[in-house]
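Given next are the chains, with one letter for each unit.
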Amino acid sequence: MKEGKITIMGEPIPKGSTKSFYIKNLNRVVTTNANANTDAWESFIRLNAQEYLKARPGLFFGKGEALEIKATFHLSKPRSTPKKVLFPVTRPDLDKLERCVGDALNKVLYADDSQIVKWAVEKKYAIGPSMV
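Residues numbered from 1 in each chain as written. Predicted model: local features only at pLDDT ≥ 70, side-chain atom pairs only at ≥ 80, totals over all residues. Heavy atoms only, no water.

Draft legend 1. Local environment of the overall build of the protein chain. For the protein chain, the count of helices and strands is two helices and four strands. With respect to the principal axes defined by its C-alpha atoms, the protein chain has extents near 55 × 40 × 25 Å. Counting all 132 residues of the protein chain, 35% fall into the buried class. Residue pairs at least 24 apart in sequence account for 78% of intrachain contacts in the protein chain once pairs closer than 6 positions are excluded. Accessible surface for the protein chain amounts to roughly 8,900 Å². Of this, 55% is attributable to carbon and sulfur atoms. Measuring between centres, the 22 positive side-chain charges of the protein chain sit 5 Å from its 14 negative side-chain charges. (Helix = DSSP H or I, 4+ residues; strand = E, 2+ residues; numbered from the N terminus. Buried < 20%, exposed > 50% of the residue type's maximum accessible area, 1.4 Å probe, protein only. Contact = heavy atoms within 4.5 Å. Areas by Shrake-Rupley, 256 points an atom, 1.4 Å probe, with all protein chains shown as cover. Lys, Arg positive; Asp, Glu negative; His and termini not counted. Charge placed at Lys NZ, Arg CZ, Asp CG, Glu CD.)

The following block contains the structure:
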């Protein structure tokens with residue numbers, strides 16, 4: 001079974017809610033993302049993954065190959081949060097962080113994000129610099 005580990009430094013950005021609407025005079029549906037920072041964060045994830053894969057060209061998951069993604073999102077801890085609190089029970093939502101990574105790695109690490117059959121994700125406060 002193929003296996004790899006990518007560490008991406010930076011404050012994780014959630015995917016945000018998407019909204020679709022129909023433009024009558026163009027006769028098409030347009031989808032927007034509620035978080036303006038998502039595109040930059042997804043690009044950053046993609047670039048890091050592409051660099052990682054240069055040294056591991058056989059790691060790409062082709063069509064039909066199932067994969068599991070494990071991710072830990074390390075969020076900056078506000079100064080007002082007590083030291084004993086290890087896990088953020090505030091925004092961003094874990095599923096939106098997960099969705100952002102899944103979409104960013106689409107066509108980079110795997111052919112299609114439908115190949116993901118299992119997620120093992122968590123969010124916790126970072127000790128030192130933030131990372132995913």
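The discussion continues.
Draft legend 2. Fine view of the pairing of strand β3 (residues 67–75). By the bridge criterion, nine bridges tie β3 to strand β4 (residues 116–125) in an arrangement that is parallel. The partner of L67 across the bridge, within β4, is I116. (Pairing = 2+ DSSP bridges.)

Draft legend 3. Looking closely at helix α1 (residues 38–54). Taking 1.5 Å per residue, 17 residues should reach 24 Å; α1 reaches 24 Å between its end C-alpha atoms and fits that length. Buried within α1 are the following residues: T38, W41, E42, I45, A49, Y52 and L53. Summarising the axial view, the buried residues of α1 lie within an arc of 105°, below the 170-degree limit, and thus occupy one face. The exposed residues of α1 that point more than 90 degrees off its buried face are D39, A40, L47, E51 and K54. Of the surrounding secondary structure, the elements contacted by the buried residues of α1 are β2 (28–33) and α2 (94–104). (Expected span 1.5 Å × (residues − 1). Arc of directions from axis to C-beta.)

Draft legend 4. Molecular detail of the pattern of salt bridges. Summed over all chains, the structure comprises four salt bridges. Ionic pairing is found between K15 and E42, a salt bridge with its closest N-O pair at 2.6 Å. You can see K15 sitting in the segment before β1 (18–23) and its partner E42 sitting in helix α1, a full 27 residues away along the chain. Take K15 and E42: they sit in the same class, and that class is buried. The closest approach of N and O atoms between E51 and K54, which form a salt bridge, is 3.0 Å. One end of the pair, E51, and the other, K54, are both in helix α1, three residues apart, so they sit about a helical turn from each other. Residue classification places K54 among the exposed residues on the basis of a relative accessible area of 62%. Within the structure, one salt-bridge network assembled from shared partners comprises K15, E42, R46 and D103. (Salt bridge = Lys/Arg side-chain N within 4 Å of Asp/Glu carboxyl O.)

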